[in-house]
Structures are given as structure tokens and as C-alpha cells.
Amino acid sequence: MTPLRLKLRDIAFFERPVQFARPFRFGAITINATPQLFVRAEIEVEGRGVAIGASAELLVPKWFDKRPELSPAQTVDGLRRSLEIARGLYLARTGYQTAFDLHASCIGAQVATCAKKNIPPLAAAYGPAEIDKAVLDALLRAAETNFFDGMAANIAGVDARLSPDLSERDIRTFLSSRMPLARVAIRHTVGLDDTVEGEGGVADPRENAGARYFKLKLSGDPTADAVRLARIGKELATLGHDYKVTLDANEQYADLAALQALMDRLDHDSALRPIATRLLYVEQPMPRDITRQSPLGALAGHGFIIDEADDSYGAFPAARALGYRGISSKSCKGLYKSIVNATRAAKWSAERERFFVTGEDLTCQAGLAVQQDLALGAFIGVTHAERNGHHYVDGFGDTPAAEATAFAVAHPDLYADAGQGIRLKIHNGDLLTGSLHTAGFATSIHPDWSALNPLEQPRSLQEQMA
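Residues numbered from 1 in each chain as written. Predicted model: local features only at pLDDT ≥ 70, side-chain atom pairs only at ≥ 80, totals over all residues. Heavy atoms only, no water.

A. Seen up close, the overall build of the protein. In terms of regular secondary structure, the protein is built from 17 helices and 15 strands. Expected size for 466 residues packed as a compact globule is a radius of gyration near 23 Å; at 21 Å, the protein falls within 12% of this value. Looking at the protein residue by residue over its 466 residues, the buried ones come to 59%. Summarising the internal contacts of the protein: among those between residues at least 6 apart in sequence, 75% fall at separations of at least 24. (Helix = DSSP H or I, 4+ residues; strand = E, 2+ residues; numbered from the N terminus. Rg over C-alpha atoms; globule rule 2.2 N^0.38 Å. Buried < 20%, exposed > 50% of the residue type's maximum accessible area, 1.4 Å probe, protein only. Contact = heavy atoms within 4.5 Å.)

Below, the structure written as C-alpha cells:
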């Protein structure tokens, strides 16, 4: 299959309120509710007619942009502005081009335009990331092929223009060699306010759904984190099966000295042995700006990855030079960047040390978002992924019953109603990807567009402060 060319006809944004079933605290913020974005893209594919595609993602406050002077609502409005700016840039491209042409020709202007409006690069990338998913969904539908086969054949025309450290052959070889995973293990997230012991705690199978992987949030205080990790380790030791853990600080460790203090505790405190001996990596320990100025040195041996610092195509090579071994894949940061970074990890690992890409995302709610991000991870080889959006939001949340039922009927290996409403169906700690092999980007179903609200118009900072 040669890359297909398309031109955009329309992009529309919608949102739906999402109420959390329990508070989720990470970093310096606690989330109880936030809107979910939906994108509808209409394209014309050369020689194949018109097709509609869709994508979805939470509009998460205080993650893309953590500046303390901004309120949570202001950071969500920053994401809405990112979407509107991207829409204008994408629709200005009126000729036929590949899906990756469209992305690559707009991403530079997107980041530059957002910078003029005080929107940082990570938030700037949100708009293109969501449009790209919807465009790809439409393209795959027009070609009557599924995501895995379409991307292996490079239907989107991904090339090396945004990653000059790679060759065209590197990318083609990586894509064509993909054998998508049939199962992806869930990694159960333990937020900073979550129950640790007893009923509803980390070892309660009704809470963790039989997970063998656990992602533990850190607060940035080495002493408090060590005490809490010791409590969690004591509980996980009662699981009755082996497990692995990852740690995520969400930029809360102020500097290398504070990080060193935590790692010293992990290395030498016997109470932390249940965690330390099963630790796979530590995610984004320090603020993104400090990360870029702080080589890890001897700490690099513990295995660190970047997440919030992954705000450009050059972020992974820069992090590698600082001692980082991995980077997160999130469709909210860009599916093409995930593919490029997975190509890098494969190439670098063949040369010397092991480098890797991980799956980290709570913005994926049941339905479109979780299916597209799951498919992306299964394609690039992510064997376990943070997957707790359904847990904090209680299944499909406020999605209309008919829409949730339609997803469950079309994707019965992913959803089931066990008496508490339709929820993600977890098989011995794993999600199955079989039904994602359907024409389009990992979904047979689109949302009920008539049940969605138009995207709220972002207010200016002056309006918000009035």
C-alpha cells in the first residue's frame, strides 16, 4: 500500500462533562471532574471519496501546563485555544497531501503561534494530536483497512523530516516489522489520595482488577514518599502473585539532590525492598525545565523516563544525552511522535544499552480514547500500560446508555456489564486487542454527535480573572 493523499473538508470539536467517581490527586492538583473532548474530521481521499473520522481525549487541567499562576480552568482553556489554532492551520492546507504531510506542515507553526499566546509546547501539541487521530480514523475507513495493517504499510506516509537523526529506511523498517500485541497488561495507578490498606486498597482485587503492574504516584517529598511506598509495598506483598511497579513524580522533585535522597532510600531501606526489587523505572521526577539542565549522572542506572518533558520531536534524543532510558507514548502528545520515538528506541537498543517506550495515560476514557491509545501501544510494542481512566470515572461515566451499549456490542472483548454498568473488561489483568482490528482507527463506533455539546469557546486570561 502506498500512502494515500487526502484533503480536509471540515474539523469540528465537541465536549462532554466527565464527573469522577473518586478524586484523583497527582502532583499538586486533585481532579474531581473535567470535560472530554471529541473531534470529528471530514476528509476527501484521493480516488476514494469522503470519509468521517473521530477521536476523543480528556481536557486535563494542570498537566500540560503546570504554571502555578494559572488556575485549573485556565489551563483547560489553553488546550481549547490549542485546538482552535490547530484547526485554522490544518484547514488552511487545501491541497491533497498525506496524513503525515498535514501534521508535519503544521506542527512548527502550531508551536510558534501558541508560544505567542503564552501556550507552552506540550499544550500546543494537544490540538494537532487530537486532529491527527480523527484524520487517520477517516483515512483508514476510506481505505477499508484497520490501524495495524494500515500503519504497517505506512498509509499515513510517515517520514523522517521531523526526526533527522533517523533515516527513511529506519522508519519504514520499524513500521513494516510490527507484530501487534494481542494483549496489553493494565498498570493500576495509585493516586496520592487513594486508599492503601484494607478494603478498597491497593491489594483489593475489586479495585486493582487483578493487575500485575502498579504505577505509584510520588509527592516530591523523599521522606513522605518513602513512608508511603513502604506501606504500599507491604500491601502488594499480600497479592499472592508477583508484580512490578513504576513510580511517577509528575515533576514534583525539585532537583537532583531531592531525587538522590529518594533513590538512596530505595537502595538501602529494607522496608522499601518490596518496591525497589520490582521497580521498572521512575517517570518524570523533576520539572521539565530543570530536567533539560540536569544530567542524571550516577542516578541513570536506576532507569528514568521523561513524560511532561516530551514536548518536541527532539525531546527523546536530548533526554538520552542526559541519561534517560525511556519516554512515554501518549496519543494526547501525538501518535506520530510515539511512532518516531519507538523507532528510535528500537534502533538505539540494537546498538548498545536498552531504550524503551512506555504507555502512560489516564486521559483515556472508555470508548474512542482508550481504544485508540491501546491500539497505538499494541502496535509499537508497549506490553503494559497505565489504564485507570475507567476506574476514576466509573466505566463510561455520563456517556448516554445507548452509546455505551453500542461500543460494548461492537467491541465485546473490551467491555462488559457485570451488574455495575458497562465497564472496561479486564482479562486476568490484561486488555485484549482483537476487536480493534476493524476498519478505522481501532473503533467500529463513533460517538452520538447529537448528544455532545460544542467545544466551549476559550476565554482570555483577562476574562477569567475578571
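B. Summary view of helix α14 (residues 368–380). Its 13 residues place the ends of α14 19 Å apart at the C-alpha level, agreeing with the 18 Å of an ideal helix rising 1.5 Å per residue. Counting buried positions along α14 yields 13 of 13 residues, so the element is predominantly enclosed. Looking one or two places after α14, you find Gly 381, whose phi comes out positive at around 100°. (Expected span 1.5 Å × (residues − 1).)

C. Quick peek at helix α4 (residues 126–143). Spanning 18 residues, α4 covers 26 Å between terminal C-alpha atoms, matching the ideal 26 Å at 1.5 Å per step. Summarising burial for α4: 17 of the 18 residues are buried, a large majority. Note on α4: the residue one or two positions beyond its end, Glu 144, has a positive phi of about 55°.

D. Representation of the environment of Phe 24 within the structure. If you trace the backbone, Phe 24 turns up in strand β1 (residues 6–26). Overall, Phe 24 belongs to the buried group, its relative accessible area being 5%. Put simply, Phe 24 and Asp 193 are 169 residues apart on the chain and 6.8 Å apart in space, counted from C-alpha to C-alpha. Once you skip the residues sitting within four places of it in the chain, Phe 24 turns out to touch Ile 29, Thr 30, Ile 31, Thr 189, Gly 191, Lys 217, Leu 362 and Tyr 392.

E. Inspection of the nonpolar core at higher detail. Counting residues in hydrophobic clusters, the biggest one holds 150 residues, and the most contacted among them are Leu 136, Phe 147, Met 151, Tyr 336 and Tyr 415. Excluding anything up to four places from it in sequence, Tyr 415 contacts Ala 366, Gly 367, Val 370, Gln 371, Phe 396, Phe 407, Ala 408, Ile 422, Arg 423, Leu 424 and Lys 425. (Core = buried A, V, L, I, M, F, W, Y, C linked by side-chain atoms within 4.5 Å.)

F. Local environment of the pairing of strand β5 (residues 213–217). Judged by how many residues are buried, β5 sits mostly within the fold: five of five residues are covered. Burial along β5 is two-sided: Tyr 213, Lys 215 and Lys 217 and Phe 214 and Leu 216, pointing in opposite directions, are all buried. As paired strands, strand β4 (residues 183–190) and β5 are joined by four bridges and run parallel to one another. Residue Val 190 lies in a different strand from β5, and its bridge partner there is Leu 216. As defined by bridge partners, β5 adjoins strand β6 (residues 244–248) across five bridges and the pair is classed as parallel. Pairing of Lys 215 across the sheet is with Thr 246, part of β6. (Pairing = 2+ DSSP bridges.)

G. Structural context of the packing of helix α12 (residues 315–322) against helix α13 (residues 335–351). It is the contact of α12 with α13, at a shortest axis distance of 10 Å, that shows an interaxial angle of 35°. Here Phe 316, Pro 317 and Arg 320 of α12 lie close against α13, whose contacting residues are Asn 341, Arg 344, Ala 345, Trp 348 and Glu 351. The residue inventory of the contact of α12 with α13, partitioned by class, reads four nonpolar, one polar and three charged. (Axes fitted to C-alpha atoms, helices over the stretch in contact; angles between N-to-C directions. Nonpolar A, V, L, I, M, F, W, Y, C, P; charged D, E, K, R; others polar.)

H. Representation of the packing of aromatic side chains within the structure. Using the criterion set out here, one finds 15 aromatic pairs in the structure. When the centroid spacing of 4.5 Å and the interplanar angle of 15° are considered together, the rings of Phe 147 and Phe 441 count as stacked. Of this pair, Phe 147 sits in helix α5 (residues 147–152) while Phe 441 sits in the loop between β14 (430–432) and β15 (453–454), placing them 294 residues apart in sequence. Between Phe 396 and Tyr 415, the aromatic rings sit 5.1 Å apart at their centres with planes inclined by 55°, giving tilted as the arrangement. With Phe 396 in the loop between α15 (389–393) and α16 (401–410) and Tyr 415 in strand β12 (residues 415–417), this residue pair connects regions lying 19 residues apart in the sequence. Comparing Phe 396 with Tyr 415, the two get one shared label, buried. (Phe/Tyr/Trp six-rings, centres within 6.5 Å; stacked < 30°, edge-to-face > 60°.)

I. Inspection of the pairing of strand β3 (residues 49–58) at higher detail. Among the ten residues that make up β3, seven are buried, leaving the element largely enclosed by the rest of the structure. With ten bridges joining them, strand β2 (residues 29–45) and β3 adopt antiparallel strand pairing. Paired with Glu 44 across the strands is Val 50, a residue of β3. The hairpin formed by β2 and β3 contains three residues between the paired strands, and Gly 47 there has a positive phi angle of roughly 80°.

J. Looking closely at the sheet that holds β2. Strands sit in the order β3-β2-β1-β15 across an open sheet of four strands; the sheet is antiparallel. Whereas interior strands pair on both sides, the edge strands pair on one side only; in this sheet they are β3 and β15. Packing of helix α1 (residues 72–91) onto the sheet brings it into contact with β1 and β2, and relative to β1 it is tilted by some 165°.

K. Up close: the pattern of salt bridges. Scanning the model with the defined rule gives 41 salt bridges in all. Among the ionic pairs, Arg 22 bridges to Glu 207, the shortest N-O distance being 2.8 Å. Of this pair, Arg 22 sits in strand β1 while Glu 207 sits in helix α7 (residues 205–208); the two residues are 185 residues apart in sequence, bridging distant segments of the chain. Under the relative-accessibility criterion, Arg 22 is labelled partly exposed at 28%. The salt bridge partner of Asp 159 is Arg 161, with a shortest N-O separation of 2.6 Å. (Salt bridge = Lys/Arg side-chain N within 4 Å of Asp/Glu carboxyl O.)

L. Region of the structure containing unusual backbone geometry. One non-glycine residue with positive phi stands out, namely Asn 154, at about 55°. Positionally, Asn 154 belongs in the loop between α5 and α6 (168–176). Its identity as a non-glycine residue notwithstanding, Gln 284 has a phi of 35°, on the positive side. Mapped onto the elements, Gln 284 comes out in the loop between β7 (279–283) and α11 (288–291).

M. Representation of the packing of α6 against α13 within the structure. Two elements in contact, α6 and α13, have axes whose closest approach is 10 Å; the angle formed by their N-to-C orientations is 95°. On the basis of the axis angle, α6 is roughly perpendicular to α13. Residues Asp 170, Ile 171, Phe 174 and Leu 175 of α6 form the contact with α13, whose participating residues are Ile 339, Ala 342, Thr 343, Ala 346 and Lys 347. Considered class by class, the residues forming the contact of α6 with α13 number six nonpolar, one polar and two charged. (Parallel < 35°, antiparallel > 145°, perpendicular 65-115°, else oblique.)

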